[in-house]
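# Structure at a glance
For reference, the chains in residue letters:
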Amino acid sequence: MDFALLDLSQVDLPTIWFVLVAFFFVGYFVLDGFDFGVGMSLPLLGRDDTDRRVMINTIGPVWDLNETWVIVAGAVLFAAFPEWYASLFSGFYLPLLLILLALIARGVSFEYRHQRKHPQWTRTFDRMIIIGSLLPAFLWGLIFANVVRGLPMDEGHNVVASLGDVFNPYALLGGLTLTLLCLVHGAVFIALKTDGEIRGRARRLAGLAGLPTALIAVIFLVWTLRLESFSGQPGPALAAAVGAALALVAALFANALGREGLAFGAMAATIGLAVVTLFLSLFPHVLPSTTGVGGLTIANASSTDYTLTVMLWVALVVTPLVIGYQIWTYWVFRRRLTRDHIPTAAH
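At a minimum axis separation of 11 Å, helix H1 (residues 13-45) and helix H9 (residues 197-225) run at an interaxial angle of 110°. As judged from the angle between their axes, H1 and H9 are roughly perpendicular. Where H1 approaches H9, its residues Ser41, Leu44 and Leu45 are matched on the opposing element by Arg201, Ala202 and Leu205.

Next up, the structure:
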């Protein structure tokens, strides 16, 4: 089939694929975000191994499906914007490697922590889950903050940043912001998926962590909109930032009232709008340069129109199927969990 003959001549394909990249990363941070939060909550909410098993079981059927979103996002980024993909990996090789290792450790821990009943065995894998949840959340926030801020690049669009350039105050604040948002998101999810004492403790954790999270998130978003390298869409970016702030306030109020479903939806909106704010702060750039060399834009970083056209039709067919399967999975495993669901032998 000749995709070039399809009438897409009036369509701005690079812009469409920029939106799709943003969509897949929004989906990843919203879904894997509460996975990270559940992992980070293990030492804060788990009074014993049974509590921790209940918490892990809330994400047991879905964590691997949530994680596939970053694989899809990376594949889309590679195919649609190969220059952007190459520059990201040249500039963030160490953080991305650490994220990969942390996600592997977390996945292995979910599968192996219950294979033996020895306390030291369980504690070791619990620590791996905690680190494998905390580290990716922080590093993803650091990476995306740097993408918005910009990094030094040479004429070949290779990032030539030092560790000091990557671990700058704004990026560190971005890492802390995403980490705290994931923690609150995970606590709200635990409250939504459990009952009994764990549910109450999760609601209290979300409330206690919510106030400093709101303050730090507002500081980060304001800083983002005032960056010297800001070259995006100020009006839409400001609207998305305000929406994220309001959604976070709504989530905290809903959590305080015991409306976990509303709180979880509002937290999903908070993280989604925060990511949208970052992408709107970029557009039409994809990686600004802090040196005299021009940075990457959707125009000079994208693939050919033919490649983008083929991919667009594939995405139109496959994406609804993936979303539908995800919704079905969450519906099947929608019930609340309690300590009574854990086998007696595990107590």
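For helix H6 (residues 119-149), which comprises 31 residues, the first-to-last C-alpha distance of 45 Å matches the rise-based estimate of 45 Å (1.5 Å per residue) to within 8%. Two residues or fewer past H6, glycine 150 is found with a positive phi of approximately 95°.

Here we come to the side chain of serine 109. By secondary structure assignment, the location of serine 109 is in helix H5 (residues 93-112). For serine 109, a relative accessible area of 0% corresponds to the buried category. Leave out the neighbours within four places in its chain, and serine 109 touches Phe125, Met128 and Ile129.

Of all hydrophobic cores here, the largest spans 103 residues; its most connected members are Trp17, Phe29, Phe81, Trp84, Trp140 and Phe279. The biggest single contributor to this core is H1, with 19 residues. When sequence neighbours within four positions are dropped, the list of residues in contact with tryptophan 140 reads Tyr28, Phe29, Val70, Leu96, Ile99 and Leu178.

Attention now moves to a nonpolar patch on the surface. A cluster of nonpolar residues, Tyr93, Leu94, Leu97, Leu98, Leu100, Leu101, Ile104, Val108, Tyr112, Leu163, Phe167 and Leu172, forms a patch on the protein surface that exposes about 1,100 Å² of accessible area. Tallying contributions element by element places H5 first for the nonpolar patch, with nine residues. Residue placement: leucine 101 occurs in helix H5. Taking the relative accessible area as the measure of exposure, leucine 101 reaches 49% and is therefore partly exposed.

Per the stated rule, a full pass over the model turns up 29 aromatic pairs. For the pair phenylalanine 18 and tryptophan 84, a centre-to-centre distance of 6.3 Å together with 15° between the ring planes defines the contact as stacked. Taken together, the positions of phenylalanine 18 in helix H1 and tryptophan 84 in helix H4 (residues 82-91) put the pair 66 residues apart, joining distant regions of the chain. Phenylalanine 18 sits in the buried class, given a relative accessible area of 5%. Judged by relative accessible area, which is 4%, tryptophan 84 ranks as buried. Note on phenylalanine 23 and phenylalanine 24: the rings are 5.4 Å apart at their centroids and 65° apart in plane angle, and the pair reads as edge-to-face. Phenylalanine 23 gets classed as partly exposed once you look at its relative accessible area, which sits at 35%. By the ring-pair criterion, three or more aromatic residues cluster together here, those being Phe18, Phe25, Tyr28, Phe29, Phe36, Phe81, Trp84, Trp140, Phe144, Phe279 and Phe283. For arginine 334, the ring lying beneath its charged end belongs to tryptophan 331, and the centroid distance is 3.9 Å.

What counts, and where the lines are drawn
- Residues numbered from 1 in each chain as written.
- Predicted model: local features only at pLDDT ≥ 70, side-chain atom pairs only at ≥ 80, totals over all residues.
- Heavy atoms only, no water.
- Axes fitted to C-alpha atoms, helices over the stretch in contact; angles between N-to-C directions.
- Helix = DSSP H or I, 4+ residues; strand = E, 2+ residues; numbered from the N terminus.
- Parallel < 35°, antiparallel > 145°, perpendicular 65-115°, else oblique.
- Contact = heavy atoms within 4.5 Å.
- Expected span 1.5 Å × (residues − 1).
- Buried < 20%, exposed > 50% of the residue type's maximum accessible area, 1.4 Å probe, protein only.
- Core = buried A, V, L, I, M, F, W, Y, C linked by side-chain atoms within 4.5 Å.
- Patch = residues over 30% accessible without salt bridge, like charges linked within 9 Å, V, L, I, M, F, W, Y side chains within 5 Å.
- Areas by Shrake-Rupley, 256 points an atom, 1.4 Å probe, with all protein chains shown as cover.
- Salt bridge = Lys/Arg side-chain N within 4 Å of Asp/Glu carboxyl O.
- Phe/Tyr/Trp six-rings, centres within 6.5 Å; stacked < 30°, edge-to-face > 60°.
- Lys NZ or Arg CZ within 6 Å of the ring centre and 35° of its normal.

Take it as geometry only, folks, not as evidence of what the structure does.
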